[in-house]
Amino acid sequence: MFIDKIKIYVKAGNGGNGAIAFHREKYVAAGGPSGGDGGNGGNIIFRVDSGSNTLLAFRYKRKFIAGNGGDGQGSKFHGATADDLYIPVPPGTLIKDPESGKIIHDMSENDGADYVCCKGGRGGWGNKHFATPTRQTPMFAKNGTKGEEREVVLELKMLADVGLIGMPSVGKSSILSVISSAKPKIADYHFTTLSPNLGVVSTGQERGFVAADIPGLIEGAADGAGLGHAFLRHVDRCRLLLHVVDISCFEGRDPVDDIKTINRELERYSPSLAKRPQIIIANKVDSLDREVVDVDAFEKFVSDNGWDMMYISAYTGENLDEMIKMVEKRLATLPPIAVYEREYDEADKFVEGGKETVITRENDKYIVEGDWIYNLMGQINFDNYESLDYFQRVLQKSGVFKALEDKGCKDGDTVSMYGFEFDYVK
């Protein structure tokens, strides 16, 4: 089974909580606070797996959760930092936002670097950090922050220099099997190829290019007919298209009409893809009957469109070496495989610094929400005066109180933050 698009859930680990502890040792007076810090949560990291070409591994496992950081302990012992969780994906996988469809990151071999999709939560400070000359026995510590979490769509767009396109049964798989070490399934019926196949074509002196056999396209492929709609995305990165036609007209189709049909579907799917350089490959020349096929009309049509063309036979091997040389020469003039730029902006979700604050009003109650506030409240001991005072100072400096007043909040009105309520006092 070939899977090239799937949605998964990923969550980084939470940071460990800081500890509240005091050093107590015989003959050591006033040992002071000794609460250790919590460890950081594990990150969610995507990594390119060059040996994979399908997302089949995600068919049964769609939740990936990294470990949480350990809690701090007494004697200034820090909690353990959790291991990062690495998720291997095939080269060419796009990580997308499921709501907007925008590209978050392109896992291509051209880049090859790991991508941190979700950052683990920070470990909270132990109470040793809050000791001051006037606060020698702090009775509070910070809790760790939550790790980031999100749903993402993984979409595979294969990395191939050359894409073999054409109607079913024109010989694309046969060509790929002869010019590379790929072993695609081949038979005399439509849609033998049920998934794209990749093959490395050697051109000598450790040079070569990657070719992909794209499953047969038919009229209506851009609307989902046949198999083409599912696999058109794999042509997107190809620098050059080898448009294969059956010049023998064995099945009674006109090669000119076939070319027009396929290019029309490419245009409907992606106008930029339809403008990609093409070489017309007239396969099955060994079975060509020039009394049946109007070769002159075919060659004129190809010439009028400015395409290069070559007659070959995947069966006898005729002109295959010449075709490879033509492809290599043409690729040398083309830009490298496309790497998609990031489209998704974190500002779509958070304002600068991640401190977006949403204030709504219900009668005389003002509800304050925001991810940063939720994380902040996890660090506060509301039963402790010093911790509560710290919470109020953070809200003041962050402009929350001013925003409340701008919304009309006045003395005596109730303010609610994730279940914590208090009367507002200027």
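A brief report on the enclosed structure follows.

Calculation criteria
- Residues numbered from 1 in each chain as written.
- Predicted model: local features only at pLDDT ≥ 70, side-chain atom pairs only at ≥ 80, totals over all residues.
- Heavy atoms only, no water.
- Phe/Tyr/Trp six-rings, centres within 6.5 Å; stacked < 30°, edge-to-face > 60°.
- Buried < 20%, exposed > 50% of the residue type's maximum accessible area, 1.4 Å probe, protein only.
- Lys NZ or Arg CZ within 6 Å of the ring centre and 35° of its normal.
- Pairing = 2+ DSSP bridges.
- Helix = DSSP H or I, 4+ residues; strand = E, 2+ residues; numbered from the N terminus.
- Axes fitted to C-alpha atoms, helices over the stretch in contact; angles between N-to-C directions.
- Patch = residues over 30% accessible without salt bridge, like charges linked within 9 Å, V, L, I, M, F, W, Y side chains within 5 Å.
- Areas by Shrake-Rupley, 256 points an atom, 1.4 Å probe, with all protein chains shown as cover.
- Salt bridge = Lys/Arg side-chain N within 4 Å of Asp/Glu carboxyl O.
- Lys, Arg positive; Asp, Glu negative; His and termini not counted.
- Charge placed at Lys NZ, Arg CZ, Asp CG, Glu CD.

Things to note about the packing of aromatic side chains
What the rule picks out here adds up to six aromatic pairs. With a centroid separation of 5.8 Å and 40° between ring planes, the pair formed by phenylalanine 420 and phenylalanine 422 is classed as tilted. Note on phenylalanine 420: relative accessible area 22%, which makes it partly exposed. Above the face of the phenylalanine 64 ring, lysine 61 is positioned so that its terminal group lies 4.9 Å from the ring centre.

A word on the sheet that holds strand E5 (residues 93-96)
Strands sit in the order E3-E1-E8-E5-E6 across an open sheet of five strands; the sheet is mixed. Looking at which strands have only one partner, the edges of the open sheet turn out to be strand E3 (63-65) and strand E6 (103-107). Put simply, the sheet's adjacent strands are angled 25° from each other on average, direction ignored. For strand E1 (residues 5-11) and strand E8 (residues 149-156), the ladder comprises seven bridges, and the chain directions are antiparallel. Paired with valine 10 across the bridge in E8 is arginine 150.

Focus: a negative patch on the surface
Among the surface-exposed residues, Asp254, Asp257, Asp294, Asp296 and Glu299 lie close enough to one another that they form a single negatively charged patch. Along the polypeptide, aspartate 257 turns up in helix H3 (residues 255-269).

A short note on the pairing of strand E10 (residues 197-204)
Looking down a regular strand, the side chains alternate between one sheet face and the other. For E10 and strand E11 (residues 207-213), the ladder comprises seven bridges, and the chain directions are antiparallel. Residue glycine 204 lies in a different strand from E11, and its bridge partner there is arginine 207. Hairpin connection from E10 to E11: two residues lie between these consecutive antiparallel strands, with glutamine 205 at a positive phi of about 55°.

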